[in-house]
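What follows is each chain in one-letter form.
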Amino acid sequence: MPGIPSPSSSTAPAHGRDPEMSAPGSPRRQPDRARPAAPPTRTPVALVASLLGFTVITIDVSAVNIALPAIRNSLNGGMAGLQWVVDAYTLMFAALMLSAGAIADRAGARRAYAWGVALFTLASLGCALAPGIGVLVAARVAQGGAAAVVMPASLALIRQAYEDARERARAIALWTVGGSVAMAAGPVLGGLLTESASWRAVFLLNLPVGVVILGLLVRVPHSPRRPAALDGAGQVTAVLALAGLTFAVIEGGHLGWTSLPVVIAAVLAVASGFAFRVVESRHRQPMVPLAMLTNRQVSVPLAVGFAVNAAFYGGIFLLGLYYQQLRGLSGITAGLMFVPMSVVVTASNLVSPRLVEWIGRRPVIVAGQLVFTAAMLAMLPLAAHTPVWLVLLLLLPLSIGGALAVPALTALLIDAVPGERAGTASGLLNSLRQTGGALAVALFGSLLSGPGGGFSLPGMRLGLLAVATLLLATATLSRLLLPRD
């Protein structure tokens, strides 16, 4: 992940150092065997603060999906508005992830994390008070930008707090598990708050959590600042390219693919993408070193990450609307429908490394995508009267596929680049994964809108077939281009 300092650059105090022994002019004392060792420099407060931040930005993604029908009824927004409520967050998260690690290094992890949490909290208040879809989307843009800073800075805080590699590994494992639990709890929490209070309560919940995090940061030691180049031109062109592409996909399904705004957005996306390539090829320290992309062990995992997240986030968006709009389930019941899937995702994440040791990375990556393809095809028969138990059964492949593939492809990607490029590669992977999710939501939303704003089953099936085709293509590339272990 971007923003994690290298071990050699950490400025945390050394373990067990006695200031009196190293003071100039003081007599050198022999170590006292009976003297208890100084406590390690780890600070559990930093872990708690990091975990809370990662949890709240994860919950915000999954909880909002369940609140979408209530937002639509309250603010009189159409399907395009709901798509922007989801994608405004994901879009900024994806685009700013490319340089968020450098921001955390330049400002210091604690300061960057505090800025990110404070902005996220204020943006959440803006979401809760939004009088219309436009204001809500603008506040979601701010939320996404803040979340992009929170993500790498939270990991940098853990790296700073835990000098010992084993303790750091355990802390990062807890951080990861917290994200899985948050993903599982998000739909349930979103449904519960929406049904018992209002969709606005989903965002108001972030306020006390943000205050707690900022209070905990007071007890966290200052973080060192490190020189890190910022690629402003590359960042701007990346945002414009992703925004133009997302606008074209979302609005193309509602305004028409040949309408003037859609054509302008598509031209902007292409022109900005070309400009991004030119800027990166000329920058001394580019966000995305283009030469790195010529390595198939880098480019193929990036493509797979895009496809896997397109399937997962597109599926979550689709199912949230399917449960409530087509099946007429309450928000709480719809949220509970996601719990078994989240549990299986967590279990599959734990199984994936063991499978890699047994059969290798390439077979696991290919198998995960094929299972995901089967998941998309398995959902094709879904209808208004499909038994609930059958729906849950059909979701098992959706839970397993990506959870098997992502750990293996992430490890393959990180091993394929030099150590100093690990943060760049990880940031690029996360950015493309978020982009895949944003474009899938845009595509599904454009296809799901039926006559009178209803849920379109033919549109759902067309979207599922499109994503299944994409997954099958990336699975084939993985099989042909990735090396054997």
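One numbering rule holds for all chains: residues counted from 1, following each sequence as written. Reporting of local features is limited, given that this is a predicted model, to residues whose pLDDT is at least 70; pairs of side-chain atoms are given and counted only at 80 or more, and all residues count toward the totals for whole chains, interfaces and linings. With hydrogens and water stripped out, all remaining heavy atoms of the structure feed into the side-chain values.

Let us now look at the overall build of the chain. Runs of E in the DSSP output that reach at least two residues are strands. Runs of H or I that reach at least four are helices, and both are numbered from the N terminus. Secondary structure summary: the chain contains 18 helices and 0 strands in total. Relative accessibility decides the category of a residue: with a 1.4 Å probe and only protein chains considered, values under 20% of the type maximum give buried, values over 50% give exposed, and everything between is partly exposed. For the chain, buried positions account for 53% of its 485 residues. We call two residues in contact whenever any of their non-hydrogen atoms come within 4.5 Å of each other. Residue pairs in contact within the chain that sit at least 24 positions apart in sequence constitute 83% of those at least 6 positions apart.

A cluster of nonpolar side chains, namely L125, L129 and L204, defines an oily patch on the protein surface of about 260 Å² accessible area. Position of L129 relative to the elements: it lies in the loop between α4 (109-128) and α5 (133-161). Two joining distances apply to patches: 9 Å for like charges and 5 Å for nonpolar side chains (Val, Leu, Ile, Met, Phe, Trp, Tyr), and every residue must have over 30% relative accessible area and no salt bridge. Throughout, the Shrake-Rupley method with a 1.4 Å probe supplies accessible areas, and for residues the shown protein chains are the sole cover considered. A carboxyl oxygen of Asp or Glu within 4 Å of a side-chain nitrogen of Lys or Arg is what we treat as a salt bridge.

Orientation is described by lines fitted to C-alpha atoms, with helices fitted over the stretch in contact, and by angles between N-to-C directions that extend from 0 to 180 degrees. Look at helix α2 (residues 44-75) against helix α11 (residues 296-326): their axes get within 10 Å of each other, and the N-to-C directions meet at 40°. In terms of axis orientation, α2 runs oblique to α11. For the crossing formed where α2 meets α11, the hand is right-handed. Counted together, V61, N65, I66, L68, P69 and R72 of α2 and Y313, I316, F317, L321, Q324 and Q325 of α11 form the full contact between these two elements. Tallied by class, the residues present in the contact of α2 with α11 amount to 8 nonpolar, 3 polar and 1 charged. For classification, angles of less than 35 degrees are called roughly parallel, those exceeding 145 degrees roughly antiparallel, those between 65 and 115 degrees roughly perpendicular, and all remaining angles oblique. It is the rotation of the near helix from the far one that decides the hand of a crossing: anticlockwise by less than a right angle makes it left-handed, clockwise makes it right-handed. In this classification, the charged set is Asp, Glu, Lys and Arg, the nonpolar set is Ala, Val, Leu, Ile, Met, Phe, Trp, Tyr, Cys and Pro, and all remaining amino acids, among them Gly, are polar.

Grouped burial of nonpolar side chains is what soluble globular proteins tend to show. Among buried residues, the Ala, Val, Leu, Ile, Met, Phe, Trp, Tyr and Cys ones that are joined through side-chain atoms within 4.5 Å form a nonpolar core. Residues I57, L319 and M376 are the most contacted members of the largest nonpolar core, which totals 133 residues. Ranked by residues supplied to this core, first place goes to α11 with 17 residues. The residues contacting I57, other than those within four sequence positions of it, are Y89, F93, F120, A147, V150 and M151.

For a helix, the expected span equals 1.5 Å multiplied by the residue count minus one. If you check helix α9 (residues 232-255), its first and last C-alpha atoms are 33 Å apart, about what 24 residues at 1.5 Å a residue would give, namely 34 Å. Two residues or fewer past α9, G256 is found with a positive phi of approximately 105°.

One can describe the packing of helix α13 (residues 339-359) onto helix α14 (residues 361-378) by two numbers: an axis separation of 7 Å at closest approach and a directional angle of 130°. Judged by the inter-axis angle, α13 sits oblique to α14. For the pair formed by α13 and α14, the contact residues are S352, L355, V356 and I359 on the first element and R361, P363 and V364 on the second. Looking at side-chain class alone, the contact of α13 with α14 contains 5 nonpolar, 1 polar and 1 charged residues.

Here we take up the confidence of the model for the chain. In the predicted model, the chain carries a mean pLDDT of 83, and the fraction of residues at 70 or more is 89%. A residue's pLDDT is the confidence the predictor assigns to it, expressed on a 0 to 100 scale. This stretch, residues 1-42, has a pLDDT under 50; its non-local contacts, to residues over four places away or in other chains, come to 49 contacts.

This brings us to the environment of G320. Structurally, the position occupied by G320 is in helix α11. For G320 and G331, which are 11 residues apart along the polypeptide, the C-alpha to C-alpha distance reads 8.9 Å.

For the rest of this paragraph, the subject is the pattern of salt bridges. Enumeration according to the criterion identifies 2 salt bridges in this entry. Residue R140 is joined to D60 by a salt bridge in which the shortest nitrogen-to-oxygen separation is 2.7 Å. Linking R140 in helix α5 with D60 in helix α2, this pair joins segments that are 80 residues apart in sequence. A relative accessible area of 0% means that D60 is categorised as buried. Between D415 and R361 there is a salt bridge, with the nearest N and O atoms lying 2.6 Å from each other. Residue D415 is located in helix α16 (residues 396-415), and its partner R361 is located in helix α14; the two are separated by 54 residues in the primary sequence.

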